[in-house]
Amino acid sequence: MPKIFERDGYIFYFYSNEHQPIHVHVRYGNGEAIFECDPEIVLKDSSGLKVKELSKAQDLAESHRELILE
């Protein structure tokens, strides 16, 4: 599980054998979420994260979208 970046306790990562569409996994505390990244950041799934935590994760994904797409 290669880590893309970590910020404020949120860990953004992907799996080396991932499938399309481009997406990113996010872990924060005991929760996780998946965001599709192209053409825009869209929440696809989440478990164990509060609305405020999901919002923060999405903000971070949006501000680092280019890095995620690399």
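Our subject is the structure listed above.
What you are looking at is a predicted structure, and each value in this text was computed from that prediction instead of being measured.

**Considering the environment of Gly29**
- Among the structural elements, Gly29 can be located in the loop between β3 (23-28) and β4 (31-36).
- Along the backbone, Gly29 and Glu53 are 24 residues apart, and their C-alpha atoms lie at a distance of 9.9 Å.

**Here's the deal with the pattern of salt bridges**
- Under the definition given, this model contains five salt bridges.
- For Lys3, the salt bridge identified is with Glu6, shortest N-O distance 3.0 Å.
- Two residues, Asp38 and Arg65, come together in a salt bridge whose shortest N-O distance is 3.1 Å. Residue Asp38 is located in the loop between β4 and β5 (42-47), and its partner Arg65 is located in helix α2 (residues 65-69); the two are separated by 27 residues in the primary sequence.

Reading guide: rules and limits
- Residues numbered from 1 in each chain as written.
- Predicted model: local features only at pLDDT ≥ 70, side-chain atom pairs only at ≥ 80, totals over all residues.
- Heavy atoms only, no water.
- Helix = DSSP H or I, 4+ residues; strand = E, 2+ residues; numbered from the N terminus.
- Salt bridge = Lys/Arg side-chain N within 4 Å of Asp/Glu carboxyl O.

No statement about biological role is implied by the geometric values presented.
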